[in-house]
Amino acid sequence: MVALVSRTGREFQRYDDEGRRQVVGCIPYRYKTGKSPSHEAMDDSQDLEVLLISSQKSHAMLFPKGGWEMDESMKEAAKRETMEEAGVEGNVESQLGKWFFKSKSHDAIYEGYMFPLLVEKQLDIWPEKHVRQRKWMTVDEAREVCQPLWMKEALDRLVRRLRQEEEEELKARHESFLRSHRCRLLICNKMEKSG
């Protein structure tokens with residue numbers, strides 16, 4: 001059951017040693033064709049989609065993010081914020097990085113952390129459904145419309161990571177094929193010599 005109310009208030013917010021508010025967020029992603037990138041080389045302009053949401057204060061598009069609270073881990077906060085703001089759930093993967101950015105609504109510098117979230121479920125009803133729009137986009141479209149530069153950098157890091165994982169998977173498959181092929185050749189050679 002999804003809580004239909006977002007957390008509010010800042011009394012439980014985390015701040016770093018310099019007094020900067022700490023925020024966490026996710027880049028929700030999926031593969032448009034339903035296939036994982038290991039089936040063929042990933043073309044991020046075609047296969048990979050990311051979910052952006054509208055800002056509450058404007059029509060600017062961005063990735064879901066919000067305050068990291070004292071009673072939750074960083075990943076728990078990122079997952080909660082993503083469900084509250086974008087209405088999706090899934091697996092939060094390892095951190096993409098840490099950024100410092102200036103808040104547009106407050107005259108303050110924030111410390112932000114972003115994580116990839118491989119979407120497993122898209123909800124029809126979520127806490128901020130009536131105050132935000134959500135839209136799946138290709139990576140190229142997201143780079144065009146996502147306004148915060150630090151979020152664009154996080155997106156680039158996600159794409160590089162997914163490409164690297166794809167390359168490693170293809171290399172491992174190729175090496176496995178070569179090993180099995182060598183074994184077959186050895187067996188055939190032994191059979192020829194003994195026969």
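Within each chain, residues carry numbers counting from 1 in the order of the written sequence. Since the coordinates come from a predicted model, pLDDT governs what is reported: local features require at least 70, and pairs of side-chain atoms require 80 or more to be given and counted, while whole-chain, interface and lining totals use all residues. Each side-chain value is derived from all of the structure's non-hydrogen atoms; neither hydrogens nor water enter the calculation.

Enquirer: I would appreciate a short explanation of the pattern of salt bridges in the present structure.
Expert: Where charged atoms from two side chains of opposite charge come close, those side chains can pair. Salt bridge, as used here: a side-chain nitrogen of Lys or Arg that lies within 4 Å of a carboxyl oxygen of Asp or Glu. Counted under the stated rule, the structure contains 11 salt bridges. One salt bridge connects D156 with R143, and the closest N-O pair in it is separated by 2.8 Å. With D156 in helix α3 (residues 149–194) and R143 in helix α2 (residues 139–145), the pair connects residues that are 13 residues apart, well separated along the chain. For R143, a relative accessible area of 29% gives the class partly exposed. By sharing partners, the salt bridges in this structure join E72, R80, E81 and E84 into a single network. Secondary structure elements follow DSSP: runs of H or I of four or more residues count as helices, runs of E of two or more count as strands, with numbering from the N terminus. Accessible area is worked out with a 1.4 Å probe on protein chains only. A residue is then buried under 20% of its type maximum, exposed over 50%, and partly exposed in between.

Enquirer: Help me understand the pairing of strand β1 (residues 22–31), please; the structure alone is not making it clear to me.
Expert: Consecutive residues of a regular strand have side chains that alternate between opposite faces of the sheet. Within β1, nine of the 10 residues are buried, which leaves it mostly tucked inside the rest of the structure. Criterion used throughout: strands pair if DSSP finds at least two bridges between them. Strand direction decides the pairing type here: β1 and strand β7 (residues 109–122), joined by eight bridges, are parallel. In the sheet register, V23 faces β7, and the bridge partner there is G112. In terms of strand pairing, β1 meets strand β4 (residues 65–67) through three bridges, oriented antiparallel.

Enquirer: Explanation requested: the side chain of E93 in the structure shown.
Expert: Within the fold, E93 resides in the loop between β5 (88–92) and β6 (97–102). Neither His nor the chain termini are counted; the positive set is Lys and Arg, and the negative set is Asp and Glu. We note that E93 is buried and unpaired, the nearest opposite charge coming from R161 at a distance of 5.1 Å. Nitrogen and oxygen atoms within 3.5 Å of one another constitute a polar contact, given that in protein one can donate a hydrogen and the other can accept it, and given that sequence-neighbouring residues count only through two side-chain atoms. A polar contact of 2.7 Å, which involves the side chain of E93, links it to the side chain of Y29. In contact with E93, not counting residues within four places along its chain, are Y29, K75, F115, P116 and L118. Note on contacts: a residue pair qualifies if any of its non-hydrogen atoms lie within 4.5 Å across the two residues.

Enquirer: Help me out: how do you make sense of the pairing of strand β2 (residues 48–54) in this one?
Expert: The element β2 is extensively covered by neighbouring structure, given that seven of its seven residues are classed as buried. Residues L48, V50, L52 and S54 of β2 are buried on one face, and the alternating residues E49, L51 and I53, pointing to the opposite face, are buried as well. Of the pairings in the sheet, the one linking β1 to β2 comprises three bridges and is antiparallel in character. By the bridge assignment for β2, Y31 is matched with L48.

Enquirer: Which parts of the structure should I look at to understand helix α1 (residues 74–86)?
Expert: Because an α-helix packs 3.6 residues into every turn, residues spaced three or four apart end up facing the same way. Take the number of residues in a helix, subtract one, and multiply by 1.5 Å to get its expected span. For α1, with 13 residues, the first-to-last C-alpha span of 18 Å sits near the 18 Å given by 1.5 Å per residue. The element α1 is extensively covered by neighbouring structure, given that 10 of its 13 residues are classed as buried. Inspection of α1 places M74, A77, A78, R80, E81, T82, M83, E84, E85 and A86 among the buried residues, and these make up the whole buried set. Elements that come into contact with the buried residues of α1 comprise β1, β2, β4, β5, β7 and β8 (134–138). Of the residues one or two after α1, G87 is the one with positive phi, at around 70 degrees.

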